[in-house]
Amino acid sequence: MTKPFLQRTITAVFIVGIMTAGILSGGMTSWLLFLMIAGLCLTELKLLLIGNKLNWRAAMFIFTGLIPCLTGGFILYAPPAMAGYLTSIALTTLLALWVFIWILAELLFPEKKPYATVRKAFFGFFYIGLPFSILPFMVQIDGTYSAGLLFGFVALIWVFDSCSYVVGTTFGRTKIMPAVSPGKTWEGALGGLVLAMAISMLIYRVFDVLTEVDWLVVAVLTSVFGLLGDLVESSLKRHYQWKDSGSFLPGHGGMLDRFDSLIFAIPFTGAYLLFIA
């Protein structure tokens, strides 16, 4: 067993333990867990897009991306006394107020490329913030948080990612997009998809929250769009000439490297779960 593989395995076990504990601890705990993950992903995206700056623009960049996540959490878990204030109109007004305050700040304290950070911050808003804001809603069943549904969804992404890596490095020959991600192969993707579909049947037996067919569809969606999310992030890193998005997770790179598949799979899987609800 090589040292990089051992390091990758130890890190993966640690991540699985933390994620499992957070997901099974309840709805608010899982929301806080993914809020933290979103914040770390936005921090790495900030380094990628605007560099290692520690100023008010960097803080605004990260907070702007977290706005959807915070909004979703407040809607679901705010005390009943605050529920009347958290209407969609009120939240939209607050978001507009935040945007225009930032625009005024750019006017008063301009940089060499005016409003460049604002534009990049809203890429983070849509690329990271919105998917993580959807997550707590898509795992609600009849208005109640389903730990089984969230765990199954995340587990299928992990299964596909891990299996496609192992099969791809062992048997992979046909590159999917060599100019974007030389390590991704069709053999690895097919192996990951097959195992994800098989594991979805085991998840169905343990967490009887969806039908067998629905779990199979979720397995396909997480595999296909998880792979596309990985390729999108690889393309982004290649554009900015970065090997990894960070070094937070030994053997895996950064948080974006680990959660890029999850980020991209959430909207598509969420749309399906909404359709069958």
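Remember, predicted model here, so these are calculated numbers, not experimental data. (Residues numbered from 1 in each chain as written. Predicted model: local features only at pLDDT ≥ 70, side-chain atom pairs only at ≥ 80, totals over all residues. Heavy atoms only, no water.)

(A) Layout of a nonpolar patch on the surface. On the surface, Trp56, Leu104, Leu107, Leu108, Phe109 and Tyr115 cluster together to form a nonpolar patch covering roughly 640 Å² of accessible area. With 3 residues, the single largest contributor to the nonpolar patch is helix 4 (residues 88-108). Here Tyr115 lies in the loop between helix 4 and helix 5 (116-138). (Patch = residues over 30% accessible without salt bridge, like charges linked within 9 Å, V, L, I, M, F, W, Y side chains within 5 Å. Areas by Shrake-Rupley, 256 points an atom, 1.4 Å probe, with all protein chains shown as cover. Salt bridge = Lys/Arg side-chain N within 4 Å of Asp/Glu carboxyl O. Helix = DSSP H or I, 4+ residues; strand = E, 2+ residues; numbered from the N terminus.)

(B) Seen up close, empty space enclosed by the protein. With the rule as written, the count across this model stands at 3 cavities of 30 Å³ or more. A volume near 90 Å³ is recorded for the largest cavity. As for the largest cavity, its lining consists of 13 residues, of which Ser30, Trp31, Phe34, Leu135 and Pro136 are closest to the centre. Mapped by element, the contributors of at least two residues to the lining of the largest cavity are helix 2 (27-50), helix 3 (56-77) and helix 5. The biggest single contributor to the lining of the largest cavity is helix 2, with 5 residues. (1 Å grid on protein atoms, 1.4 Å probe; cavity = no way out; pocket = protein on both sides within 12 Å on 5 of 7 lines; lining within 4 Å. Points joined across faces, edges and corners; volume = space filled by probe spheres on them.)

(C) Broad picture of the side chain of Ser223. For Ser223, the position within the fold is in helix 8 (residues 212-239). Residue classification places Ser223 among the buried residues on the basis of a relative accessible area of 2%. At a separation of 2.7 Å, a polar atom in the side chain of Ser223 contacts the main-chain carbonyl oxygen of Ala219. If near-sequence neighbours (up to four positions away) are discounted, Ser223 is found in contact with Phe160, Leu193 and Ala196. (Buried < 20%, exposed > 50% of the residue type's maximum accessible area, 1.4 Å probe, protein only. Polar contact = N/O pair within 3.5 Å; in protein donor to acceptor, adjacent residues only side chain to side chain. Contact = heavy atoms within 4.5 Å.)

(D) A look at helix 8. The terminal C-alpha atoms of helix 8 lie 40 Å apart, and with 28 residues this matches the ideal 40 Å at 1.5 Å per residue to within 8%. One or two residues past the end of helix 8 sits Gln241, with phi positive at roughly 60°. (Expected span 1.5 Å × (residues − 1).)

(E) A look at the side chain of Asp257. With respect to the helices and strands, Asp257 occurs in helix 9 (residues 255-276). Using a relative accessible area of 15% as the deciding quantity, one classes Asp257 as buried. Among the polar contacts listed, one links the side chain of Asp257 to the side chain of Lys237, at a separation of 2.7 Å. There is a polar contact of 2.8 Å between the side chain of Asp257 and the backbone nitrogen of Gly254.

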